[in-house]
Amino acid sequence: MIDPSLIIPALIDGLAFAMLLFLIASGFSIIFGLMGILNFGHGAFFMMGAYFAVTLFEYSNNFAITLVGASLFGLGLGVAVHYLTLRRMEGNPIAQIMLTLGYLLIFSELVLIVWGRVSRIFYPVGLIGSITVMAIQVPIYRTFLIFFGLVIAASTYLFLTRTRLGTIVRAGTEDAGMVEALGINVKRAFTLTFGLGTALAALGGAVAVPWVAATPDMGTNWLFISLVVTVVGGLGTFKGAFYGSLLIGILHQLSEYFFPQLTFVIDFATMMIVLLIRPEGLFGERK
Amino acid sequence: MKGSLDIRRFLEDLSRKKIALVILAAFLVFPFVTPSRYYMFLLAEMFIWALLAGSYDLVLGYTGLVSFGQAAFFGIGAYVSAWLLAMNISFVPALFVAMLFGAALGLAMGVFSRRVSGIYYALVTLAFAEVLFSIFTKWVQLSGGETGISVTRPDFLSSEFLVYFALGVSVAVVVTLSILVVHDLVKKEKPVRTRVLYSALIIAFSAALIYFVPSRLYAIMEGSLRESRITVTTMNIYYFLTLIPLVVCYFVMKKIVSSPVGRIFVAVRENEERAKMLGYDVFRYRLISSAISGVFAALAGALYAPYILSINPNSVLGVTITLNVLIYSILGGLGTLIGPMIGAGIITLLANELPSIPYIGQYWMLTLGTFYLLVILFLPYGIVNTWRLKGATTKKRLWRAITTAKAVLRKESS
């Protein structure tokens, strides 16, 4: 049943998928850790990034510009959403969930109106096709995704540990009230962090397009899988998002290759088992 | 006489709820005054969603459990009734079987989420519902896959169905009545005579109802069909088939939330730790709440399947159902029971009416989404709660004005 020659391609796909998952899940997790917002609109930002990248690539025909543009777009959209609406909902988690769900609905509909129902895709020159290494076909774009994801993960890690805003974010995750008492404008840090999270999601959407194409239902699909990732890794932790992505990404692609019937069952069953045995997630801290 | 006093109080209670009674009466006579089958159809759909919203309020509004698995109950109810109908089993027994399935699923969900609370409860229930959804999507023989299965609509005009229908309604009425008085029955301070009287009354009434009503209703329906003075259409019956369970379930739920068990639900919502400290087994009450909610949600699903005639995993088990019911609850007001039902009515009406409005109708989903955002931003506590809050302050202000005026008058006269 299991064809051994498929294991390496499945692992490559798994790692590439894990990097996409990391891009969406890290922002999701940091936002939850700092502000306690379960951002159900996060998948929608991913989707908006993807569609924006499609249009940008049509005009610029330059992959680098597309990626930068999509992340800036995600940043702006996230900051606007948080500053204009989400900020007022502090301390009312159900209203926050509802509000972000509302954005999921609105963005999904907006995408249908602007870009239509058909899936959209673009191919960056030089990254398409595959090379043969030791008799195994290695798709270039997926390999690129793995390295790209690792670079982004490393720079996000450096940002969180080496910069002032990153320190505020980490401190705020521990105790936001205390940080505020130290005279730091936590509100602004909140807005910026939300924007950064959505920027990461939009970037993830943009790099995902050449592989999985932009579809109007991707907002919901990616939201749920990133939810699984963050819960498995530990909600609110950066480390958890990274390792959770690796675990779920590889598991997901392996099951896609070998048991395609069970893909989502395995994802959600993993999440349920983790929640039952270790409710705080594999890398979460016991409260 | 204590008994007569209670009856008087009951009547007073009823007279205080004039508006509710008038609305109920309006719903009851509606099919006989309008020929519009479209509105009957729409109202039946509203009743189904209202029932689902009410069941959700037990979990979210009263017990404070943010459950994201409500779609699982609804979907299992819909599928069970569809399967049973395909096996040529009558509709009313199918409804009860579906409710049993809902209860079992509610218990299972409660057991699975034993160790978690808060946002993690939401995630476990979501995972639970999604696992069920994935299984149904992949298991094509069971669910019909993406195309779904078509539901055989039970022959509502067959005499057998009418008998079952009447029997079901009678049982439901008896259950409602029993629940309405059973609390008084077990109350220790009531004299034994009153309790015996109550029990005897219930038993006699139930016996009479079950003995007389089905046969008589059958005769009435037969007669009216033959004379065709009142046209009994499928839609007509379907309207009542959704309205009556809604009303009955509303009263049952109302009774549950004001019973001691319901009070403990609220205690769990307000402060789980404190409820635990007071000696209540929080897990057990969460289990009860989840199971009861499962029963009503499965009933809503079971009613939905023959209404919509074709179901697939996405339309009855998908996460959209849960999101919709969340929106109904937020719009209407959590923890009010009637609020989420009103919310369900408003949203269903909007979703059906908006597409036919020129210009904005084209983008009705967008309009609806914007509407949600506005509601959440400006009415975060929902319609009913906001109305109660504002209503109370207005009343208080009026009262204060009156008392001040009186005091001023008294001072002037003295």
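Preceding this paragraph is the structure being described.
Report on the accompanying structure. Predicted model only: the values in this text are computed from it and were never measured. (Residues numbered from 1 in each chain as written. Chains lettered and ligands numbered in written order. Predicted model: local features only at pLDDT ≥ 70, side-chain atom pairs only at ≥ 80, totals over all residues. Heavy atoms only, no water.)

Some details on the overall build of chain B
And step 1. The number of helices and strands found in chain B is 18 helices and two strands.
And step 2. Put simply, chain B has 414 residues, and 48% of those count as buried.
And step 3. Put simply, 79% of the contacts in chain B that link residues at least 6 apart link residues at least 24 apart.
And step 4. For chain B, the accessible area works out to roughly 20,900 Å², and carbon and sulfur atoms hold 69% of it. (Helix = DSSP H or I, 4+ residues; strand = E, 2+ residues; numbered from the N terminus. Buried < 20%, exposed > 50% of the residue type's maximum accessible area, 1.4 Å probe, protein only. Contact = heavy atoms within 4.5 Å. Areas by Shrake-Rupley, 256 points an atom, 1.4 Å probe, with all protein chains shown as cover.)

Notes on the packing of aromatic side chains
And step 1. Applying the stated criterion across every chain, the model contains 33 aromatic pairs over all chains.
And step 2. A ring pair is formed by phenylalanine 45 of chain A and phenylalanine 107 of chain A, whose centres lie 5.7 Å apart and whose planes are at 70°; its orientation type is edge-to-face. Of this pair, phenylalanine 45 of chain A sits in helix H2 (residues 42-60) while phenylalanine 107 of chain A is found in helix H4 (residues 93-115), placing the two residues 62 residues apart along the sequence.
And step 3. What makes phenylalanine 107 of chain A buried here is its relative accessible area of 7%.
And step 4. The rings of Phe22, Tyr157, Phe238, Phe242, Tyr243 and Phe283 of chain A are connected pair by pair, giving a single aromatic cluster.
And step 5. Above the ring of tyrosine 83 of chain A, the side-chain terminus of arginine 87 of chain A is found at 4.1 Å from the ring centroid.
And step 6. Directly above the ring of phenylalanine 283 of chain B sits arginine 114 of chain B, whose terminal nitrogen or CZ lies 3.9 Å from the centroid. (Phe/Tyr/Trp six-rings, centres within 6.5 Å; stacked < 30°, edge-to-face > 60°. Lys NZ or Arg CZ within 6 Å of the ring centre and 35° of its normal.)

Overview of the nonpolar core
And step 1. Counting residues in hydrophobic clusters, the biggest one holds 198 residues, and the most contacted among them are Phe107, Val207 and Trp222 of chain A together with Phe68, Phe74 and Leu303 of chain B.
And step 2. Element by element, the count of residues in this core is highest for helix H1 (residues 7-35) of chain A, at 16 residues.
And step 3. If we ignore the near neighbours within four places in the chain, the residues touching tryptophan 222 of chain A are Phe17, Leu20, Leu21, Ile24, Phe46 and Val212 of chain A. (Core = buried A, V, L, I, M, F, W, Y, C linked by side-chain atoms within 4.5 Å.)

Some points on the pattern of salt bridges
Residue and element names in this part refer to chain A.
And step 1. Tallied over the entire structure, the rule returns four salt bridges over all chains.
And step 2. Among the salt bridges present, the one from aspartate 13 reaches arginine 142, with a minimum N-O distance of 2.9 Å. Remark: arginine 142 occurs in helix H5 (residues 140-162) and aspartate 13 occurs in helix H1; sequence separation between them is 129 residues.
And step 3. In this structure aspartate 13 comes out as buried when scored by relative accessible area, which is 5%.
And step 4. For arginine 142, a relative accessible area of 22% puts it in the partly exposed group.
And step 5. With a shortest N-O distance of 2.9 Å, arginine 120 and glutamate 58 are connected by a salt bridge. Highlighted residues: arginine 120 in the loop between H4 and strand E1 (130-133) and glutamate 58 in helix H2, separated in sequence by 62 residues.
And step 6. For arginine 120, a relative accessible area of 22% corresponds to the partly exposed category.
And step 7. Take glutamate 58: its relative accessible area is 52%, and that puts it in the exposed class. (Salt bridge = Lys/Arg side-chain N within 4 Å of Asp/Glu carboxyl O.)

Some remarks on the environment of tyrosine 257 of chain A
Residue and element names in this part refer to chain A.
And step 1. Its place among the elements puts tyrosine 257 in helix H9 (residues 238-258).
And step 2. The exposure class assigned to tyrosine 257 is partly exposed, which follows from its relative accessible area of 28%.
And step 3. Between the C-alpha atoms of tyrosine 257 and isoleucine 277, which are 20 residues apart in sequence, the distance is 28 Å.

With respect to the interface of chain B and chain A
And step 1. In this assembly, 33 residues from chain B lie in contact with 38 residues from chain A.
And step 2. With both sides pooled, the region where chain B packs onto chain A buries about 3,500 Å², and carbon together with sulfur makes up 84% of that total.
And step 3. Summed over the shared surface of chain B and chain A, the number is zero salt bridges.
And step 4. Counting the contacts that link chain B with chain A gives zero residue pairs in polar contact (both at pLDDT 80 or more). (Buried area = accessible area lost by both parts, 1.4 Å probe. Polar contact = N/O pair within 3.5 Å; in protein donor to acceptor, adjacent residues only side chain to side chain.)

Focus: H5 of chain A
Residues and elements named next belong to chain A.
And step 1. Given a rise of 1.5 Å per residue, 23 residues ought to cover 33 Å, and the 32 Å separating the end C-alpha atoms of H5 matches this to within 8%.
And step 2. Among the residues of H5, Tyr141, Leu145, Ile146, Phe148, Gly149, Ile152, Ala153, Thr156 and Leu160 are the ones counted as buried.
And step 3. The inward-facing, buried residues of H5 contact H1, helix H3 (63-84), strand E2 (136-139), helix H6 (164-181), helix H7 (186-212) and H9. (Expected span 1.5 Å × (residues − 1).)

Considering the pairing of E2 of chain A
Residues and elements named next belong to chain A.
And step 1. Relative to E2, E1 runs antiparallel, the two being bridged by four bridges. Bridge pairing in E2 links serine 130 to proline 139.
And step 2. Here E1 folds back onto E2 in antiparallel fashion, the turn holding two residues, of which methionine 134 has a positive phi close to 50°. (Pairing = 2+ DSSP bridges.)

As for H7 of chain A
All names here are of chain A.
And step 1. With 27 residues, H7 should cover 39 Å at 1.5 Å per step; its first-to-last C-alpha distance of 37 Å lies within 8% of that length.
And step 2. With 22 of its 27 residues buried, H7 lies for the most part within the structure.
And step 3. Structurally, the start of H7 carries an N-cap: the backbone nitrogen of lysine 187 is 3.4 Å from a side-chain oxygen of asparagine 185.
And step 4. Phi for alanine 213, located one or two positions after H7, is positive at around 70°.

Observations regarding empty space enclosed by the protein
And step 1. With the rule as written, the count across this model stands at two cavities of 30 Å³ or more.
And step 2. A volume near 40 Å³ is recorded for the largest cavity.
And step 3. In terms of lining, the largest cavity is formed by Met98 of chain A together with Ile327, Ile330, Leu331, Ile347, Tyr372, Val375 and Ile376 of chain B.
And step 4. Elements represented by at least two residues in the lining of the largest cavity include exactly helix H15 (319-332) and helix H17 (364-378) of chain B.
And step 5. Considering only residue class, the lining of the largest cavity consists of eight nonpolar, no polar and no charged.
And step 6. By volume, the second largest cavity is sized at about 30 Å³.
And step 7. Forming the walls of the second largest cavity are Leu65, Gly110, Ser113, Tyr121, Phe283, Arg286, Leu287 and Ser290 of chain B.
And step 8. Residue composition of the lining of the second largest cavity, by class: four nonpolar, three polar and one charged. (1 Å grid on protein atoms, 1.4 Å probe; cavity = no way out; pocket = protein on both sides within 12 Å on 5 of 7 lines; lining within 4 Å. Points joined across faces, edges and corners; volume = space filled by probe spheres on them. Nonpolar A, V, L, I, M, F, W, Y, C, P; charged D, E, K, R; others polar.)

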